[in-house]
Amino acid sequence: MSGDKLTLSLTVLLTGFVVVFAVLLLLIGVIKLYGTIIYNIQNKGRKKKDPAPVKVTEPEKVMEPVAVVEAEQENDDELIAVISAAVYSMYSSSQVRIKSIRKSPTRSNAWRSAGLNDNLRPF
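Keep in mind that this is a model prediction, so the values were computed, not measured.

Attention shifts here to the overall build of the protein chain. A tally of regular secondary structure across the protein chain gives three helices and two strands. For the protein chain, the sequential pattern of α-helices and β-strands runs α-β-α-β-α. Burial status across the protein chain gives 4% buried among its 123 residues. Intrachain contacts of the protein chain at a sequence separation of at least 6 include 61% that bridge at least 24 residues. A total accessible area of about 12600 Å² is found for the protein chain, and carbon and sulfur atoms account for 62% of it.

The following block contains the structure:
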């Protein structure tokens, strides 16, 4: 009698595991199918672009950055270079000319500025 209960318990346990994992695999399949259907519907109107072969050519002539710094502190050439590089990387498709770089006005109170300066000071 005790052996029958053990066998029945193991059978129920094994059947439960099989059913749970089968349903999980079925859900994974349904979700992937749904994702591909939605992706195809969203990209139906878009043309597929073939990647163009990469050609090695001479470096293009880059327009020299023109930066006028209007700041109270001394000119920091590295800061100007970083700002110029960020602007050029964002707007690489069009011709960009930097006319000036200015420090933005402080819009916070003095206590906040003092706290930030104290906590962000290098070690």
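Taken together, the side chains of Leu6, Leu10, Leu13, Phe17, Val19, Val20, Phe21, Val23, Leu24, Leu27 and Ile31 make up a nonpolar region of the molecular surface, amounting to roughly 1100 Å² of accessible area. Inspection of the secondary structure assignment puts leucine 27 in helix α1 (residues 2-42).

For the rest of this paragraph, the subject is the confidence of the model for the protein chain. Averaged over all residues, the pLDDT of the protein chain is 77; the fraction at 70 or higher stands at 72%. In the model of the protein chain, strand β1 (residues 69-70) stands out as the element of lowest mean pLDDT, 49, in contrast to α1, which has the highest, 93.

Analysis parameters
Residues numbered from 1 in each chain as written. Predicted model: local features only at pLDDT ≥ 70, side-chain atom pairs only at ≥ 80, totals over all residues. Heavy atoms only, no water. Helix = DSSP H or I, 4+ residues; strand = E, 2+ residues; numbered from the N terminus. Buried < 20%, exposed > 50% of the residue type's maximum accessible area, 1.4 Å probe, protein only. Contact = heavy atoms within 4.5 Å. Areas by Shrake-Rupley, 256 points an atom, 1.4 Å probe, with all protein chains shown as cover. Patch = residues over 30% accessible without salt bridge, like charges linked within 9 Å, V, L, I, M, F, W, Y side chains within 5 Å. Salt bridge = Lys/Arg side-chain N within 4 Å of Asp/Glu carboxyl O. pLDDT = per-residue confidence, 0-100.

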